[in-house]
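Overview (structure and organization)
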Amino acid sequence: MTTRSANDTATDTTTGGAGAHDTAERTATAAGIEVRPVAGHVGAEIHGVDLAAGLDAAQVAAVRAAVLRWKVVFFRDQRLDHAGHVAFARLFGEPVVLPRRGKASPAGFPEIETTADRLELGGRFGMEHDEWLRRRRHTLLRGWHCDHGARVDPPAATILRAETVPPYGGDTTWANLAAAYDGLSAPLRAFVDTLRAEHRLGVGYQPRPGDDAYVRHLLDHQTATVHPLVRVHPETGERVLFVNGYYVEQITGLSRPESAALLELLVEQATRPEYTVRFRWEPGSVAFWDNRATIHLAPGDHAHLDHPRTMHRVMLTGEVPVGVDGAPSEPVVGSEAGRW
C-alpha cells in the first residue's frame, strides 16, 4: 500500500468523513465497480470485478480507496488460484515471504500461508488444539489482534482467500481502530496520544504445569517492539488506536495496575459492536483489510465441527509505525524492518 510522509496531515480522510467517502465513491464510479458498505463504520462488499482476470489502473485505485475508507473489503464468488492470489496482491504492494510456513502451505508460492497450519500447532507442542487455544485465549478480548503486531514493521495489509469453509460457523470479525480512537473523549484522546506500549509475542499465555514446549518455543522466538499507543496512518493521516488483546504487554511509564486497567478500557473501546463487522465466508470469498487500521478476531466456533476450514493468506509488507509526536516504533528483540 502506497505511503505518504509521516508528518503529512490529512484533512479529508477522517473516519466517516465526507471527503473519504466521496473519494471512494468517485473512484468506484469511474472504475465501473460497486462498493456496498455493510456496516456503519467498517466493511464493504465490492461487486463488478473479476480478480482472476486482473484489474486495470482505475479498478486498482477504486479498490485501494475502498480499503482506506472502509478498512476491510469483501469480494464474493472469486475463482482465484494461488498464482492469481499473489498477482492480485502485487497490485497493492510487496508480498511478505515468511521464512517458516506449515506443511499445509502450497509449495512454489512462498508468499502464501495456508491457515490450516494453525491446526498443526497444538500437536507440535504436545497439546490438543482446544487446550492450546484455551491457554492462549483466556480472556474474552485475547483473540483480537493485527497480523504480526509484535514486529517493528507489521504488515500493511492482508488478503485472505477462502477455499473450504464449514456450512455454518467460522466467521471472522474486524474492528475499525480509527473509528474507535475518534469515539474516545477528547481528554482521553489527548492522554493516549502521548503513550507508548510494548507489544510482545506470547503475552498472557498460561503455561502448562511442569515443562511446556510452547513456552520454550516462545523463548526461542522472542519478538517485541515498543509501538505508539496511537499511530498516524501513513496514507490517510488518521489517528489510529494501536491496541489489541493479543500482543500488548505493558504501557510504558505506567504501573502494572494502571496499564492493565487502561488497556482493558481501550481494547473494549476498540471492539465495541458499532465499530465492528462480521463476515460470513463462502468458498471463493476474499477479504482485503488494512492491517494498520483494524484488528480482527478469528473464529472460535468451528473447531468442534467436523468440517474443514482452509484459508490462504498473503500479507503486504508494511512500514514502521509513527506516533502523533512523529517518533517511530522501536524494536526490542526479534525483528528488523524489512527482514522477515
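See above for the structure.
The residue count restarts for each chain, going from 1 along the sequence in the order it is written. pLDDT decides what is reported in this predicted model: residues at 70 or higher carry local features, side-chain atom pairs at 80 or more are listed and counted, and totals for whole chains, interfaces and linings draw on all residues regardless. The basis for every side-chain value is the complete set of heavy atoms in the structure, and neither hydrogens nor water enter the calculation.

1. Details of the packing of aromatic side chains
Aromatic ring pairs are described here by two measures, namely the spacing of the ring centres and the angle between the planes. Only Phe, Tyr and Trp rings take part, Trp by its six-membered ring, and two of them pair if their centres are within 6.5 Å. Stacked means planes under 30 degrees apart, edge-to-face means over 60, and tilted covers everything else. Counted according to the given criterion, the structure contains 11 aromatic pairs. Between Phe-75 and Phe-88, the aromatic rings sit 6.0 Å apart at their centres with planes inclined by 85°, giving edge-to-face as the arrangement. Residue Phe-75 is located in strand β3 (residues 72-75), and its partner Phe-88 is located in helix α3 (residues 82-90); the two are separated by 13 residues in the primary sequence. Accessibility assignment for this pair places Phe-75 and Phe-88 in one class, buried. Taking 4.8 Å as the distance between ring centres and 70° as the angle between the ring planes, the aromatic pair formed by Tyr-205 and Tyr-214 counts as edge-to-face. Here a helix means four or more residues in a row that DSSP labels H or I, a strand means two or more in a row labelled E, and each is numbered from the N terminus. Residue burial is assigned from relative accessible area. The probe radius is 1.4 Å, only protein chains are included, and a residue is buried under 20% of its type maximum, exposed over 50%, and partly exposed in between.

2. Some points on empty space enclosed by the protein
Lining residues are defined by having an atom within 4 Å of a point belonging to a cavity or pocket. Those points lie on a 1 Å grid over the protein atoms alone, cavities being sets where a 1.4 Å probe fits but cannot get out and pockets being open sets with protein on both sides within 12 Å along at least five of seven lines. Grid points are joined across faces, edges and corners, and a volume is the space filled by probe spheres set on the points. Evaluated as defined, the whole model comprises 1 cavity of 30 Å³ or more. Of the pockets and cavities examined, the largest cavity occupies roughly 30 Å³. Lining the largest cavity are Val-96, Leu-98, Glu-111, Glu-113, Arg-313, Val-314 and Met-315. For the lining of the largest cavity, the leading source of residues is strand β15 (residues 310-316), giving 3 residues. In the lining of the largest cavity, the residues fall into 4 nonpolar, no polar and 3 charged. Charged means Asp, Glu, Lys or Arg here, nonpolar means Ala, Val, Leu, Ile, Met, Phe, Trp, Tyr, Cys or Pro, and polar covers whatever is left, Gly included.

3. Overview of the sheet that holds strand β16 (residues 330-333)
A pair of strands is labelled paired if DSSP reports no fewer than 2 bridges between them. Read from one edge of the open sheet, 4 strands run β11-β7-β8-β16, paired in antiparallel fashion. The open sheet has two edge strands with one neighbour each: β11 (248-251) and β16. Neighbour-to-neighbour, the strand axes of this sheet turn through a mean angle of 25°, independent of strand direction. In the sheet, strand β7 (residues 196-200) pairs with β11 via 3 bridges, with the strands oriented antiparallel. Of the residues in β11, the one forming a bridge with Ala-197 is Ile-251. In this analysis, axes come from line fits to C-alpha atoms, helices being fitted only over the stretch in contact, and the angle between any two N-to-C directions falls in the range 0 to 180 degrees.

4. Here we look at the sheet that holds strand β13 (residues 286-290)
With mixed pairing, the 7 strands of this open sheet are ordered in space as β1-β2-β3-β13-β5-β15-β4. Among the strands making up the open sheet, the edge pair consists of β1 (34-37) and β4 (113-114). Where strand β5 (residues 157-164) and β13 come together, 5 bridges link them in antiparallel fashion. Directly across from Leu-160, in β13, lies its bridge partner Ala-287. The strands touched by α3 within the sheet are β3, β5, β13 and β15, with β15 carrying the most contacts at an inclination of about 30°. Throughout, a contact is declared for two residues whenever any of their heavy atoms are within 4.5 Å.

5. Things to note about the pattern of salt bridges
Between Lys or Arg on one side and Asp or Glu on the other, a salt bridge is scored when a side-chain nitrogen of the former is within 4 Å of a carboxyl oxygen of the latter. Applying the stated rule across the entire model yields 22 salt bridges. Where Arg-200 meets Glu-249, a salt bridge forms, and the shortest distance between an N and an O atom there is 3.8 Å. Placement of Arg-200 in strand β7 and of Glu-249 in strand β11 is noted, with a sequence separation of 49 residues between them. Relative accessible area serves as the criterion here: at 25%, Glu-249 is assigned to the partly exposed category. Salt bridges linked by common partners bring Arg-231, Glu-235, Asp-290, Arg-292 and Glu-319 together as one network.

6. Remarks on unusual backbone geometry
One non-glycine residue with positive phi stands out, namely Lys-71, at about 75°. A residue is classified by how much of its surface remains accessible, and Lys-71, at 1% relative accessible area, is buried. The backbone phi angle of His-148 is positive, close to 55°, even though this residue is not glycine. Mapped onto the elements of the fold, His-148 is located in the loop between α5 (129-136) and β5. Accessibility expressed as a relative area gives 24% for His-148, which makes it partly exposed.

7. Some thoughts on helix α9 (residues 256-270)
Helix span, expected: 1.5 Å multiplied by one less than the number of residues in the helix. For α9, with 15 residues, the first-to-last C-alpha span of 21 Å sits near the 21 Å given by 1.5 Å per residue. Among all positions of α9, only Ser-259, Leu-262, Leu-263, Leu-266, Val-267, Gln-269 and Ala-270 are buried. For α9, the angular spread of the buried residues around the axis is 150°, confining them to a single face. Directions from the helix axis toward the C-beta atoms define the arc.

8. Observations regarding the nonpolar core
In this text, buried Ala, Val, Leu, Ile, Met, Phe, Trp, Tyr and Cys residues form a nonpolar core when linked through side-chain atoms within 4.5 Å. In this structure, Val-192, Leu-229, Leu-241, Ile-251 and Leu-266 are the most contacted members of the largest nonpolar core, which totals 30 residues. When contributions to this core are tallied by element, the ones reaching two or more residues are α6 (177-182), α7 (186-192), β10 (239-241), β11 and α9. Counting 29 residues, the second-largest nonpolar core is a separate cluster that includes Ile-33, Ala-66, Leu-68 and Ile-159.

Remember that the coordinates give geometry; whether it matters functionally is a separate question.
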